[in-house]
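Chain by chain, the residues run as shown.
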Amino acid sequence: MSSLAQTQSALAAASLPKATAEPTWVKWTLVTVALTFLTLFLVLPLSVVLYGAFELGVKVWWDAITEPDALAAIRLTLFVLVIVVPLNAIFGIAIAWAIAKFEFKGKTLLISIIDMPFAISPVVVGLIFVILFGSQGWLGPWLSAHDIKIVFAVPGIIIVILFGTLPFVARELIPLMQQQGKEEEEASLTLGASGWKTFWYVTLPNIKWGLIYGVVLCNARAMGEFGAVAIVSGRIRGETNTMPLHIEVLYNEYMFTAAFAVSSLLTGLALVTIVIKSWVEYKDERRHKTA
């Protein structure tokens, strides 16, 4: 009876159409729609940026990205990345470790607070920090008395970008570390390893791909942050303009070629980020297949 039932079940399954066996016209329609969408909203804008950047030649492009204000914007953007990304990586590891490995009151509230930058508009974030640290803000008089400048200066830019990118590393690591559990760490500690050695030789190798992925996402968001930075930076040319702000200034002054040139450089950095992201996803997929 069991053999007969299995045979009947196999025949019934074979008679049913497969979930992926759609008609050919449906498949090609979906492919065409996807390619059209990508062409209109990804390939075409990138092509316009590159064409506008190199329309007048490589020399004009090079002059546009090496003039003093452009170099100042590039240096400031990279300087902010060097500070923000490592800090977010450290915070992400620490908060993911606390949430995934320990039980404590308020864990759900803490997770909600981590997600707050996703829910708040970047412009609102900028206004919040102006209210806090501006000359007429809550802490403004104290900061002025101690000759500390945050708003309309580099520290304000770092703070708002740090706030806006705060969830990325943490959000990648929390579910990963929860899935892995804490048995390996407990076994390592039982065998006499210190907390640092347990982290370095057990925890970190297990989360390295998730960490890299979160860092890549954090880096991409930090490079392109505009709204909050536009509020707190003061848009001082050559001093507090990041690359996105400098592009806007050039475009508003009808210096389209220079704007496209700096945009092409920012686009190149974004493409490098995408390549790294794809490589991390590929390595992580291979790791899961071989596990």
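Structure: above.
As the structure is a prediction and not an experimental result, all values here were calculated from the model.

Rules used in this analysis
- Sequence order as written defines the numbering, with residues in each chain counted from 1.
- It should be noted that, the model being predicted, local features are given only for residues of pLDDT at least 70 and side-chain atom pairs only at 80 or more, the latter also being counted only at that level, while totals for whole chains, interfaces and linings use all residues.
- In computing side-chain values, all of the structure's heavy atoms are included and hydrogens and water are not.
- Each helix is a run of DSSP H or I of at least 4 residues and each strand a run of E of at least 2, with the numbering of both proceeding from the N terminus.
- We compute the radius of gyration from the C-alpha atoms alone; for a globule the expected value is 2.2 Å times N to the 0.38, where N is the number of residues.
- Here's how the labels work: a residue is buried when its accessible area is under 20% of the maximum for its type, exposed when over 50%, partly exposed in between, all with a 1.4 Å probe on protein chains only.
- Contacts were defined at the residue level, with two residues in contact if any of their heavy atoms lie within 4.5 Å.
- All accessibility values rest on the Shrake-Rupley procedure with a 1.4 Å probe; residue burial counts only the protein chains present in the view.
- Definition of a polar contact: a pair of N or O atoms within 3.5 Å, with one able to donate and the other able to accept a hydrogen when the atoms are protein atoms, and with sequence-neighbouring residues admitted only if both atoms are side-chain atoms.
- Between Lys or Arg on one side and Asp or Glu on the other, a salt bridge is scored when a side-chain nitrogen of the former is within 4 Å of a carboxyl oxygen of the latter.
- Only Phe, Tyr and Trp rings take part, Trp by its six-membered ring, and two of them pair if their centres are within 6.5 Å. Stacked means planes under 30 degrees apart, edge-to-face means over 60, and tilted covers everything else.
- Throughout, the arc means that of the directions going from the helix axis to the C-beta atoms.
- Two joining distances apply to patches: 9 Å for like charges and 5 Å for nonpolar side chains (Val, Leu, Ile, Met, Phe, Trp, Tyr), and every residue must have over 30% relative accessible area and no salt bridge.
- Side-chain atoms within 4.5 Å are what join buried Ala, Val, Leu, Ile, Met, Phe, Trp, Tyr and Cys residues into a set we call a nonpolar core.

A. Representation of the overall build of the chain. Of regular secondary structure, the chain possesses 14 helices and zero strands. Sequence-ordered secondary structure for the chain, helices as α and strands as β, is α-α-α-α-α-α-α-α-α-α-α-α-α-α. Expected size for 291 residues packed as a compact globule is a radius of gyration near 19 Å; at 25 Å, the chain overshoots this value by more than 25%. The principal-axis extent of the C-alpha atoms belonging to the chain is close to 85 × 60 × 30 Å. The buried share of the chain, taken over its 291 residues, is 34%. For the chain, long-range pairs separated by at least 24 residues make up 71% of all intrachain contacts whose partners lie at least 6 apart in sequence. Carbon and sulfur atoms form 70% of the exposed surface of the chain, whose accessible area is close to 17600 Å².

B. Highlighting the side chain of glutamate 225. Relative to the helices and strands, glutamate 225 is located in the loop between α11 (195–224) and α12 (227–233). A relative accessible area of 5% means that glutamate 225 is categorised as buried. Of the polar contacts made by the side chain of glutamate 225, one reaches the side chain of arginine 221; its length is 3.0 Å. In contact with glutamate 225, other than residues within four places in its own chain, are Pro122, Ile161 and Pro244.

C. Structural context of the pattern of salt bridges. Summed over all chains, the structure comprises eight salt bridges. Between arginine 171 and aspartate 115 there is a salt bridge, with its nearest N and O atoms 2.9 Å apart. Of this pair, arginine 171 sits in helix α9 (residues 154–180) while aspartate 115 sits in the loop between α5 (107–114) and α6 (116–119), and the two are 56 residues apart along the sequence. In this structure, the salt-bridge partner of glutamate 225 is arginine 221, at a minimum N-O distance of 3.0 Å. Assessed through its relative accessible area of 25%, arginine 221 is described here as partly exposed. Within the structure, one salt-bridge network assembled from shared partners comprises Asp69, Arg237 and Glu253.

D. Molecular detail of the side chain of threonine 273. Structurally, the position occupied by threonine 273 is in helix α14 (residues 256–290). Relative accessible area serves as the criterion here: at 8%, threonine 273 is assigned to the buried category. Within the structure, threonine 273 has its side chain in polar contact with the side chain of asparagine 219 (distance 3.5 Å).

E. The arrangement of the packing of aromatic side chains in detail. Using the criterion set out here, one finds 12 aromatic pairs in the structure. Consider the rings of tryptophan 97 and phenylalanine 199, whose centres lie 5.8 Å apart with planes at 55 degrees: the pair is tilted. Of the two residues, tryptophan 97 is situated in helix α4 (residues 68–101) and phenylalanine 199 in helix α11; the sequence distance between them amounts to 102 residues. Since its relative accessible area comes to 23%, tryptophan 97 is described here as partly exposed. Residue class for phenylalanine 199 comes out buried when judged on its relative accessible area of 14%. With centroids separated by 5.6 Å and ring planes inclined at 25 degrees, the aromatic side chains of tryptophan 196 and tryptophan 200 adopt a geometry described as stacked. On the criterion of helical spacing, the pair formed by tryptophan 196 and tryptophan 200 is a turn pair, its members being four residues apart in helix α11. The structure contains a cluster of three or more aromatic residues connected by ring pairs, namely Trp97, Trp196, Phe199 and Trp200.

F. Representation of helix α3 (residues 58–66) in the model. Residues Trp61, Ala64 and Ile65 constitute the buried set of α3. Down the axis of α3, the buried side of the element spans an arc of 90 degrees, and every buried residue falls inside it. Opposite the buried face of α3, by more than 90 degrees, sit the exposed residues Lys59 and Trp62.

G. Local environment of a nonpolar patch on the surface. On the surface, Trp28, Val31, Leu35, Phe37, Leu38, Leu40, Phe41, Leu42, Val43, Leu44 and Val48 cluster together into a nonpolar patch covering about 1100 Å² of accessible area. Assignment of secondary structure puts leucine 44 in helix α2 (residues 24–54).

H. Spotlight on the nonpolar core. Judged by nonpolar contacts, the single largest core of 56 residues is most densely connected at Val80, Val160, Ile161, Leu173 and Leu211. Those elements that place two or more of their residues in this core are α3, α4, α7 (122–133), α9, α11, α12, α13 (243–252) and α14. Looking at this core element by element, the count peaks at 14 residues for α4. Those residues in contact with leucine 211 that sit more than four places away from it in its chain are Ala89, Ile93, Val169, Leu173 and Leu204.

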